[in-house]
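Listed below, chain by chain, are the residues.
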Amino acid sequence: MRLVSFVQVLLLLALAAYLLLVALENPQVVRLPLPFGRGELSLPVGAAVALFLITGAMYAALLFVPPLWNVRAKRRRDVRERSALENRLAATLQARLGAMTPTNLTPAPPTGSEQTQLGNQP
């Protein structure tokens, strides 16, 4: 898919270059009607082509906004879920540590074989 997009961009750039070349060789005036019938705008062909190219570039840039928003929202959601998971794990650990009694924390008395090993040591 990236190759197709790359070829499309190259084709559009070639088309824009060709239109710009034609506009530079034929300096004529183009009349563009204004919205709501309020007259017209007279521009050289090169300026009109540049205006349309800028408009197309702005449109293409706006096509990237929704995927960027989705990535940003996913990143925020992941951070929020990770924070909630860390809080649950910390609460679980605190609950388990709080449930332990001091008798559970004392070491077990040595067994008979451990006592003989301790007694034999210098």
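Look above for the structure.
All of the points below concern the structure found in this document. (Residues numbered from 1 in each chain as written. Predicted model: local features only at pLDDT ≥ 70, side-chain atom pairs only at ≥ 80, totals over all residues. Heavy atoms only, no water.)

## Considerations on the pairing of strand E2 (residues 40-44)
Item 1. As paired strands, strand E1 (residues 29-33) and E2 are joined by five bridges and run antiparallel to one another. In the strand pairing of E2, Val-29 is matched with Pro-44.
Item 2. Between E1 and E2, which pair antiparallel one after the other, the connecting turn spans six residues, and Phe-36 there sits at a positive phi close to 65°. (Pairing = 2+ DSSP bridges. Helix = DSSP H or I, 4+ residues; strand = E, 2+ residues; numbered from the N terminus.)

## A closer look at the pattern of salt bridges
Item 1. Inspection of every chain in the model, using the stated rule, returns three salt bridges.
Item 2. A salt bridge links Glu-40 to Arg-31; the nearest nitrogen and oxygen atoms lie 3.8 Å apart.
Item 3. With its nearest N and O atoms 3.8 Å apart, the salt bridge here joins Glu-86 to Arg-82. Of the two residues, Glu-86 and Arg-82 both sit in helix H3 (residues 65-99), four residues apart, roughly one turn of that helix.
Item 4. For Glu-86, a relative accessible area of 48% puts it in the partly exposed group.
Item 5. Given the relative accessible area of 59%, Arg-82 is considered exposed. (Salt bridge = Lys/Arg side-chain N within 4 Å of Asp/Glu carboxyl O. Buried < 20%, exposed > 50% of the residue type's maximum accessible area, 1.4 Å probe, protein only.)

## Let's talk about a nonpolar patch on the surface
Item 1. Together, Leu-3, Phe-6, Val-7, Val-9, Leu-10 and Leu-13 make up a nonpolar patch on the protein surface, roughly 610 Å² of accessible area in all.
Item 2. Following the sequence through the fold, Phe-6 ends up in helix H1 (residues 2-25).
Item 3. The exposure class of Phe-6 is exposed, given its relative accessible area of 52%. (Patch = residues over 30% accessible without salt bridge, like charges linked within 9 Å, V, L, I, M, F, W, Y side chains within 5 Å. Areas by Shrake-Rupley, 256 points an atom, 1.4 Å probe, with all protein chains shown as cover.)

## Here's the deal with helix H2 (residues 45-63)
Item 1. The end-to-end C-alpha separation of H2 is 27 Å, in line with the 27 Å expected for 19 residues at 1.5 Å each.
Item 2. For H2, the complete set of buried residues consists of Val-45, Ala-48 and Val-49. Down the axis of H2, the sector holding all buried residues measures 100°, keeping them to one side. Exposed side of H2, more than 90 degrees from the buried face: Ile-54, Met-58 and Leu-62 are the residues found there. (Expected span 1.5 Å × (residues − 1). Arc of directions from axis to C-beta.)

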